[in-house]
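Analysis of the macromolecular model
Listed below, chain by chain, are the residues.
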Amino acid sequence: MKYYIKTYGCQFNYSDSERVSAVLESAGLKRAKNHLCADLILFNTCSIRQTAEDRVYGTMVNMAKLKKIRPHLRIGITGCMVKRSSTKKSLKPDPLVKNMDDVDFVFRIEDSARLPQLLKETGLEVPHETPDEFDNGTLKNYFKINPKYSSQFQAFVPIATGCDKFCAYCIVPFTRGREKSRPMEEIWEECEKLVKNGCKEITLLGQNVDSYGLSFLDRNEKRFASLNVGEKIYFTRLLEELDKLKTKGLRRVRWTSPHPKDMTDDVIEAVATLETQMPYIHLPVQAGSNVMLRKMNRPYTREHYIKLIEKIRHRIPDCAISTDIVIGFCGETEKMFEETCELFEQARWDMAYISQYSMRRFTAAYKTMKDDVPRKEKERRWHRLNKILTRISHEKHKEFIGKTVEVLVEKCVKGICEGRSEHFKRTQFKGGKNLIGQIVPVKITDALAWNLIGELI
Ligand code: SAH
Ligand code: SF4
Ligand code: F3S
């Protein structure tokens, strides 16, 4: 019996799929090379924009065809589109399983441990019983699942899930629920095991990594912590603890995403001083206009953000910084958009992930605002920003020519190795497959808009 998982969305979903794989394999299923030879196909879905959901609905047409040829095939959906774990027979089925003929079951990611049970309810007998720890699908148990990591030398490790920030446009607090941090000992244990098995780079995941630990506090303490009064130490302490794993072979600890509001000096200091911290920070700003930021419920101003990146660059002069932008949000005028363009020139981000606003159900914007920037205009603004980004990114890359960077080699195709440098720059150079998983010095000889070219030293 074979399974295939198709994953959409952010790193969180990729990490979740590794845990789902572990549950399926412990029940005796084997990974299929592709969806055509699988007995079970799972879609790990994303809701962040309508296009992300539409992609899943589109694929279902092909699944219907596949099911006609292979009637025993089971189709399941998980991830951010799912509200309630259920099969077609459940008393209150999730709309996805109720309304789509070819979907046999859906499950919430925190219910992954219940997966073998759900499969049985759809008439698919799993090869063997799963261990006790998978009996009760609570979130705590979910994190205890030992993932089937897709790489030996790089890993995603979730440190918190959910989000309490409720940005007006964003569905994540409704799909992933309230913010909950994972106990530090549990994270440490997972990381230690990874490093013992040869892992060199760990990426810590959370919707707001720099508020890690706040969910351990009571309401009163949280109020002070969120005002940055008192000592906010949890995230930094975690980074310091994990840094100790360098003696066992851990070389890099990355994390994504922080929130500008919680990016305190101690975090910047940790990046500047800890050996395993890399000179790269992804710091989502979302918009360059203060009016937009306020409407988005992002609790900082453009001026505050600029000061923050100045502080980072002052303490860590070569630090690469990237961002997320939403354009065409409700009421964004040409003038407000111009402010975002100006911020690009001022911030000179190394990279920016630019999204066109897509209205999401449940959000504050959905309830109280109007999605009034036409689609064509959103596209135009997207192209305009992308042009600025391409130019700046290219200029920034040229600064690396002649310098030597360290690359963790991820793949090698036809004699060309590729991996990320300390600054998270995609770097390519001539080399062999034997270098995969190694960190090697590369002298940069050329710079393109989106990657660096170099020679192995
Ligand atoms: N927690 C992270 C990112 C989560 S979602 C953070 O706050 O940075 C990733 C990105 O998707 C967001 O940063 C935002 O730029 C984008 N996004 C979220 N909701 C969106 C929506 N409704 N339409 C378009 N882009 C959206
Ligand atoms: Fe969404 Fe805002 Fe939370 Fe990020 S911080 S996940 S954008 S609500
Ligand atoms: Fe998408 Fe869910 Fe991530 S909505 S971006 S997969 S948290």
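Figured I'd write up the structure that's included with this text. (Residues numbered from 1 in each chain as written. Chains lettered and ligands numbered in written order. Predicted model: local features only at pLDDT ≥ 70, side-chain atom pairs only at ≥ 80, totals over all residues. Heavy atoms only, no water.)

Summing up its helical and strand segments, the protein has 15 helices and 19 strands in all. The C-alpha atoms of the protein give a radius of gyration of 23 Å, which matches the 23 Å a tight globule of 457 residues would have. Residues classed as buried in the protein amount to 54% of the 457 residues present. Here the contacts in the protein between residues at least 6 apart in sequence split such that 72% fall between residues at least 24 apart. On the protein, roughly 21200 Å² of surface is accessible, and the fraction owed to carbon and sulfur atoms is 52%. Both charge centroids of the protein, one from 78 positive and one from 61 negative side chains, sit 4 Å from each other. (Helix = DSSP H or I, 4+ residues; strand = E, 2+ residues; numbered from the N terminus. Rg over C-alpha atoms; globule rule 2.2 N^0.38 Å. Buried < 20%, exposed > 50% of the residue type's maximum accessible area, 1.4 Å probe, protein only. Contact = heavy atoms within 4.5 Å. Areas by Shrake-Rupley, 256 points an atom, 1.4 Å probe, with all protein chains shown as cover. Lys, Arg positive; Asp, Glu negative; His and termini not counted. Charge placed at Lys NZ, Arg CZ, Asp CG, Glu CD.)

Burial within strand β4 (residues 74-79) is extensive, with 6 of its 6 residues counted as buried. Across the two faces of β4 the burial is the same, with R74, G76 and T78 and I75, I77 and G79 all buried. Looking at chain direction, strand β3 (residues 40-45) and β4 are connected through 6 bridges and run parallel. Across the sheet, N44 pairs through a bridge with T78, a residue of β4. With helix α2 (residues 50-69) bridging β3 and its parallel neighbour β4, the resulting β-α-β unit is right-handed. (Pairing = 2+ DSSP bridges. Right-handed = clockwise from strand over helix to strand, strands pointing away.)

What follows is about the side chain of S355. Relative to the helices and strands, S355 resides in strand β14 (residues 351-356). Residue classification places S355 among the buried residues on the basis of a relative accessible area of 16%. In this structure S355 touches R49, I325, V326 and I327, once residues within four positions along its chain are discounted.

This paragraph deals with the packing of aromatic side chains. Inspection of the entire model under this criterion finds 11 aromatic pairs. Seen in terms of ring centroids, F105 and F107 are 6.1 Å apart; in terms of plane orientation they differ by 15 degrees. Their pairing is stacked. Taken individually, F105 and F107 each receive the classification buried, so the pair is uniform in this respect. The structure contains a cluster of three or more aromatic residues connected by ring pairs, namely Y300, Y305, F344 and W349. Across the ring face of Y142, the terminal group of R19 is positioned such that the distance to the ring centre comes to 5.9 Å. (Phe/Tyr/Trp six-rings, centres within 6.5 Å; stacked < 30°, edge-to-face > 60°. Lys NZ or Arg CZ within 6 Å of the ring centre and 35° of its normal.)

Another aspect to go through is the sheet that holds β14. Taken in spatial order, the 3 strands make up an open sheet running β12-β13-β14, and their pairing is parallel. Looking at which strands have only one partner, the edges of the open sheet turn out to be β12 (280-282) and β14. In this sheet, adjacent strand axes meet at a mean angle of 10 degrees when their direction is disregarded. Bridge count for β12 against strand β13 (residues 320-327) is 3 bridges, and the pairing is parallel. (Axes fitted to C-alpha atoms, helices over the stretch in contact; angles between N-to-C directions.)

Attention shifts here to the site of ligand 3. Every residue near ligand 3 is listed here: C10, N13, C46, S47, I48, C80, R176 and Q207. Broken down by class, the residue content of the shell around ligand 3 amounts to 4 nonpolar, 3 polar and 1 charged. (Near = heavy atom within 4 Å. Nonpolar A, V, L, I, M, F, W, Y, C, P; charged D, E, K, R; others polar.)

This next bit is on the nonpolar core. With 70 residues, the main nonpolar core has L204 and W255 as its most contacted residues. A total of 6 residues in this core trace back to one element, the largest contributor, which is helix α13 (residues 334-347). Discounting residues that sit within four places of it in the chain, L204 has contacts with V157, I159, V209, L238, L239, L242, V253, R254, W255 and T256. (Core = buried A, V, L, I, M, F, W, Y, C linked by side-chain atoms within 4.5 Å.)

Around ligand 2, the neighbouring residues are C163, K165, F166, C167, Y169, C170, V172, P173, Q207, N208 and R298. Here the shell around ligand 2 is composed, by residue class, of 7 nonpolar, 2 polar and 2 charged.

Moving on to the pattern of salt bridges. Here the structure, examined in full by the defined rule, presents 36 salt bridges. We note a salt bridge from E190 to R19, for which the minimum N-O separation is 2.8 Å. Pair noted here: E190 is in helix α7 (residues 184-196) and R19 is in helix α1 (residues 11-26), with a separation of 171 residues, a long-range link. The pair formed by E190 and R19 is uniform in burial state, with each residue classed as buried. In this structure, E418 and R426 form a salt bridge, with 3.2 Å as the shortest nitrogen-oxygen distance. Accessibility expressed as a relative area gives 13% for E418, which makes it buried. (Salt bridge = Lys/Arg side-chain N within 4 Å of Asp/Glu carboxyl O.)

Quick look at the sheet that holds strand β16 (residues 416-420) now. One closed barrel holds the 5 strands; their spatial order is β15-β16-β17-β19-β18, and the pairing between them is mixed. On average, adjacent strands in this sheet sit at an angle of 50 degrees to one another, irrespective of strand direction.

The analysis is restricted to geometry; functional conclusions fall outside its scope.
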